[in-house]
Amino acid sequence: MIITLPPRLDSEPLCIDISSLRHIVVIGANGSGKTRFADRIAADLGDKAFRLSALRGLYAPRNEEPSPGSIGDLYRKATGPTSLLRPDLKSELEQIMALLINDELLSLIKQKFHDKPLSQGRETPSRLEKVIDEWQKVFPDNKVLLENGRMLFNRTATPGGTSGDTYSASRLSDGEKTVLYYLGAVTYAPRGGVVIVDSPGMFLHPSSIASLWNIIETMRPDCTFIYLTHDLQFASTRGQGCTIWVKNCDPERGCWDYDFLTSTDGISDEIYLAIIGARKPVLFIEGDGVNSIDARLYPLIFNDYTVKSLGGCDRVIEATRTFNSLRAFHSLNAWGIVDRDRRDEGEVAYLRRKQVHVPDVAEIENIFMLEPVIRVMARLNHRDPEVAFAKVKRNIMRLFEADLHQQALQHTRHRMKRGVEHRIDGRFANISQLEQHIASLADELSPRRVYEDLCREFRSYLQNDDYAAVLRVYNRKTMLSESHVASHVGLRRDDKDNYIATVLNILTYNYRGADEIRAAIRSTFPE
């Protein structure tokens, strides 16, 4: 069976052969047009489409006509003058339970009418029996009872305890109701149909989502399932299928911007999330995304980007490279930001060619020590900016002078490490050649010469009173505290956390001085 997907913006619609597909994932950001996309597919499929939504199943809007190919539509058709079904049930969950009980009753009546002894049982389990069996597998501590034409529930006794009273479905949790809804509903999907599920993870615990939908798909091997979601975690559980990325929708023209999204080596969840959720260029940064200074600062500076924290610098570099290799799937651009640390100009230039920003300061803490930032902070606290900056600068230069040899040694160590990594990758005919090569590395890399050159370079920064150059090479996590920048700019508490929090607060709420601070920080990222 071939499905022709909805019209595409400025190109021909895509087609899918679903004869061998168990599921299709339609993924996109909120507002991208996924639901309209599915509506169009359902309309084209006609009576082969079957719509499911846990939100509508549990909390149906009042006085709204059920959509074609839904449980509500099926229930409406099943009610009539001769039907035993109540016509006033509103939620699809109530309707499913009523349909299951009604079918079970009709089956028993038919069995009785044909004089078949009940003790012989049925050749195959009924819909109701299948649903109860699968529901109890998902919730093994719960039991389902049938009493006077109703489904009742009971939590089994714990060791040494007693079982509780029976209760109706209304007292189930939303998660329990949702599982019951899906298990029951899928039994009514048309033979060889297409089951379209909106937000399949709603109300469900993340640990149970994959196994539940595996069970449901197994219950209806004749059907193809189409899932509408923006949840990458769920999408990753549907491995053997097809993923359609819906980027945008033009409602007036009835067209969508969409494409197939295929798995590519090196594509992480963070990159997929950025592709799917982004409306702006993507900026990958270091840090944990919660507590790191990077995650708190950069979204306030680059507010025209979608900023995502990835952890270490290697992940940022790889994510930026991989994202930009996926231009066939998106028109967005990706950049990265990594700390300069002890990288030399050659490394910095290489990264910038790969669209990875490297600021003109050694690490992110140094950004808060930029001269314009200090001057703005002093002025806002009614201190003389000239005096405040002079005091901070004097403290930093003294710290750097005392630390010069250790800093030169750390920079030398970094360059030696990089040099060994590059040179050891050569091809060697035998072990003797490798040994000879390693023995010659010390002479080739000349660590003492590099160290002495760096010492001379760093001394020139002090001689020239070059504060900006010191910030570019000086890695010292305690710099903010030891410079007493907070007290010099007029803050009451002289600690780095208070100083950083004050700067971030100004940027967050766009208080006076925010534009100057933002411009100063942006200037450390040369194009």
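Residues numbered from 1 in each chain as written. Predicted model: local features only at pLDDT ≥ 70, side-chain atom pairs only at ≥ 80, totals over all residues. Heavy atoms only, no water.

1. What about the overall build of the chain?
Along the chain, the regular secondary structure elements total 23 helices and 14 strands. Here the chain holds 527 residues, and the buried ones make up 45% of them. Sequence-distant contacts, at least 24 apart, represent 65% of the contacts inside the chain between residues at least 6 apart. Summed over all atoms, the accessible surface of the chain reaches about 27100 Å², with 50% contributed by carbon and sulfur. (Helix = DSSP H or I, 4+ residues; strand = E, 2+ residues; numbered from the N terminus. Buried < 20%, exposed > 50% of the residue type's maximum accessible area, 1.4 Å probe, protein only. Contact = heavy atoms within 4.5 Å. Areas by Shrake-Rupley, 256 points an atom, 1.4 Å probe, with all protein chains shown as cover.)

2. Things to note about the sheet that holds strand S8 (residues 224–229)
Spatial strand order, S4-S7-S8-S3-S9-S10: 6 strands in an open sheet with mixed pairing. Every interior strand has two partners, whereas the edge strands, strand S4 (49–53) and strand S10 (255–260), have only one. Taken over all neighbouring pairs, the strand axes of this sheet differ in orientation by 25° on average, direction set aside. Looking at chain direction, strand S9 (residues 242–250) and S10 are connected through 6 bridges and run antiparallel. Residue pairing in the sheet places aspartate 250 in a bridge with cysteine 255 of S10. (Pairing = 2+ DSSP bridges. Axes fitted to C-alpha atoms, helices over the stretch in contact; angles between N-to-C directions.)

3. Regarding the pairing of strand S13 (residues 334–337)
Within a regular strand, side chains alternate between the sheet's two faces. Here S13 shows a buried face lined by Ala334 and Gly336 and a second buried face lined by Trp335 and Ile337. Where strand S11 (residues 282–285) lies against S13, 4 bridges are found, and the strand directions are parallel. Counted as the bridge partner of isoleucine 285 is isoleucine 337 from S13. Taken together, the 2 bridges between S13 and strand S14 (residues 356–357) define a ladder with parallel strand orientation. Note on S14: the bridge partner recorded for glycine 336 is valine 356.

4. Section: the sheet that holds S14
The 4 strands lie next to each other as S12-S11-S13-S14, forming an open sheet whose pairing is parallel. Whereas interior strands pair on both sides, the edge strands pair on one side only; in this sheet they are strand S12 (306–309) and S14.

5. Re the pattern of salt bridges
Evaluation of the coordinates by the stated rule reveals 32 salt bridges. A salt bridge links arginine 352 to aspartate 360, with the shortest nitrogen-to-oxygen separation between them at 3.4 Å. Salt-bridge contacts for aspartate 495 lead to arginine 493; the nearest nitrogen and oxygen are separated by 3.1 Å. (Salt bridge = Lys/Arg side-chain N within 4 Å of Asp/Glu carboxyl O.)

6. Structural notes on unusual backbone geometry
With a phi angle near 65°, glutamine 355 is a residue other than glycine that sits in the positive phi range. Mapped onto the fold, glutamine 355 is located in the loop between helix H12 (345–353) and S14.

7. Some points on the confidence of the model for the chain
Looking at the chain, the pLDDT average stands at 87 and 90% of residues meet or exceed 70. Per-residue pLDDT stays below 50 along residues 158–162; that stretch engages in 1 contact with residues further than four places along the chain or on separate chains. (pLDDT = per-residue confidence, 0-100.)

8. As for the layout of surface pockets
A volume near 610 Å³ is recorded for the largest pocket. If you trace the largest pocket, you find 23 residues lining it, with Arg86, Leu89, Glu94, Met97 and Ala98 closest to the centre. Those elements that provide at least two residues to the lining of the largest pocket are helix H4 (92–113), strand S6 (150–155) and helix H6 (174–186). Per element, the largest residue contribution to the lining of the largest pocket is 7 residues, and it comes from H4. In terms of residue class, the lining of the largest pocket is made up of 13 nonpolar, 5 polar and 5 charged. A volume near 500 Å³ is recorded for the second largest pocket. Lining of the second largest pocket is provided by 25 residues; of these, Arg51, Ser67, Pro68, Gly69 and Ser70 occupy positions nearest its centre. Looking at the lining of the second largest pocket, the elements that each hand over two or more residues are helix H1 (34–45), S4 and helix H3 (71–78). Among the elements that make up the lining of the second largest pocket, the one with the highest residue count is S4 (5 residues). Along the lines of polarity and charge, the residues of the lining of the second largest pocket split into 10 nonpolar, 6 polar and 9 charged. (1 Å grid on protein atoms, 1.4 Å probe; cavity = no way out; pocket = protein on both sides within 12 Å on 5 of 7 lines; lining within 4 Å. Points joined across faces, edges and corners; volume = space filled by probe spheres on them. Nonpolar A, V, L, I, M, F, W, Y, C, P; charged D, E, K, R; others polar.)

9. Focus on a positive patch on the surface
Taken together, the side chains of Arg383, Lys391, Arg394 and Arg398 make up a positively charged region of the molecular surface. Its place among the elements puts arginine 394 in helix H15 (residues 385–423). For arginine 394, a relative accessible area of 39% gives the class partly exposed. (Patch = residues over 30% accessible without salt bridge, like charges linked within 9 Å, V, L, I, M, F, W, Y side chains within 5 Å. Lys, Arg positive; Asp, Glu negative; His and termini not counted. Charge placed at Lys NZ, Arg CZ, Asp CG, Glu CD.)

10. Some points on the environment of aspartate 103
Along the chain, the position of aspartate 103 falls in helix H4. Accessibility expressed as a relative area gives 26% for aspartate 103, which makes it partly exposed. Separated by 25 residues in the primary sequence, aspartate 103 and leucine 128 place their C-alpha atoms 8.1 Å from one another. With sequence-adjacent residues up to four places away left out, aspartate 103 is seen in contact with Arg127 and Tyr188.

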